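Here is what each chain is made of, one letter per residue.
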Amino acid sequence: MKPSKLVASTRPKPKKRVRLAKSGARSQPVLPQLEPGAPSDFDLMKGIQRGDPDALSQLYDRYNGILKALILRVIHNEAEADDLLQEIFMEIWNQAKNFSAQKGKPLGWMVTLARRRAIDGLRKKQAYARAEERLQNETEQQPDAWVHNATEEEIELSDTRRLIRKVIKSLPPPQQQAIDLAFFRGMSQREIAAKTNTPLGTVKTRLELGLKKIYDGLKELKDEL
Amino acid sequence: MNFNEFQNQSRLYVIGALEPEELEEFEKARKKFGKKAEDFITKCYALHEAFALSLRPAKASTAIKDRLMSMVKAKHQA
């Protein structure tokens, strides 16, 4: 294999700091800082577009945990999630030519791709029924699917996740549930209405209000996301 | 549809939650608002990242990366 061409083409921009005026917390980085000289995500995507396997290897190391968590959140099966993760990174390799920096950041592109594949996988497999059952149990035990009780887990959360989850947790539980079902389950408004025994118009309002609040709440982070 | 309504619909659109009948109206408005609409939709995709980043990262099996890189290198060399 040829030596990697992936050296940082330009020094990564220093990450901006998030303002947390309301909470009074100190400013903290939103995404993990890259090592000095490390290639940016855009550098890695360019490398993959050139066909450099090392670029994919680095991108995998950087984001496999996030993408696996997303897949697992959708399909609730460890082994299937691993298989799907591999397929998704293979698709990233194969489809990299379709990535355009003008359309957004590499992570957004990868998350969109991973979510679509995970939801497709969920729908195709018979595991759907089993996952539904698990979801039902989880929903009963934990109506707010994003809220975890484990304090230790909270401590381990990175600044990014803490900030984003703070925004999400500020929503009323019915809005969180509607968004959870739409995003992580790929459910339509009608499906959510049927599942939650809620009028369709109410579901639509919950989604609109919840997404707007999250979107507005993320404005502080917009340079990072 | 005014632009404010379009913005609400865009956030539903990026998470795939628009119903088919809404999608038709949305596409019409998308054309009507042109670049302004496209720019807003692009911004809405930050929601995807946000939802993914809200989750605690999961550990993937080490064998996955080995298999992936073997496949990629084989394809690369072919």
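Residues numbered from 1 in each chain as written. Chains lettered and ligands numbered in written order. Predicted model: local features only at pLDDT ≥ 70, side-chain atom pairs only at ≥ 80, totals over all residues. Heavy atoms only, no water.

Peer 1: Can you help me understand the confidence of the model for chain B in this one?
Peer 2: Interpreting fine coordinate detail is not advised for predicted regions of low pLDDT. Looking at chain B as a whole, its pLDDT mean stands at 91, while 100% of the residues score no less than 70. When pLDDT is averaged over each element of chain B, helix 1 (residues 3-14) of chain B comes out on top at 94 and helix 3 (residues 46-53) of chain B at the bottom at 88. (pLDDT = per-residue confidence, 0-100. Helix = DSSP H or I, 4+ residues; strand = E, 2+ residues; numbered from the N terminus.)

Peer 1: Got a minute to help me understand the environment of A:Val167 in this structure?
Peer 2: When you line up the elements, A:Val167 lands in helix 7 (residues 159-169). Apart from the residues within four sequence positions on either side, A:Val167 is in contact with A:Lys213, A:Ile214 and A:Gly217. (Contact = heavy atoms within 4.5 Å.)

Peer 1: Quick question: what am I supposed to make of the interface of chain A and chain B here?
Peer 2: How large an interface is tends to be reported as the accessible area lost when its parts come together. The partner chain B presents 42 residues to the 59 residues of chain A that form the contact. Roughly 4,800 Å² of surface becomes buried between chain A and chain B when both sides are summed, with 66% attributable to carbon and sulfur atoms. The largest per-residue losses of area from chain A upon contact with chain B belong to A:Gln86, A:Leu211 and A:Tyr215, which jointly make up 14% of the total buried on that side. One can count five salt bridges joining chain A with chain B. For B:Glu22, the salt bridge is made with A:Lys204, and the minimal N-O distance between the two is 2.6 Å. Across the contact surface, chain A and chain B share 18 residue pairs in polar contact (both at pLDDT 80 or more). (Buried area = accessible area lost by both parts, 1.4 Å probe. Salt bridge = Lys/Arg side-chain N within 4 Å of Asp/Glu carboxyl O. Polar contact = N/O pair within 3.5 Å; in protein donor to acceptor, adjacent residues only side chain to side chain.)

Peer 1: Would you take a moment to explain the environment of A:Gln86 for this structure?
Peer 2: Tracing the chain through its elements places A:Gln86 in helix 3 (residues 78-95). Counting along the chain gives 29 residues from A:Gln86 to A:Ser57, while the straight-line C-alpha distance between them is 12 Å. Apart from residues lying up to four places away in sequence, A:Gln86 is in contact with B:Ile64, B:Arg67, B:Leu68 and B:Met71. Polar side-chain contacts of A:Gln86 include one of 2.8 Å to the side chain of B:Arg67.

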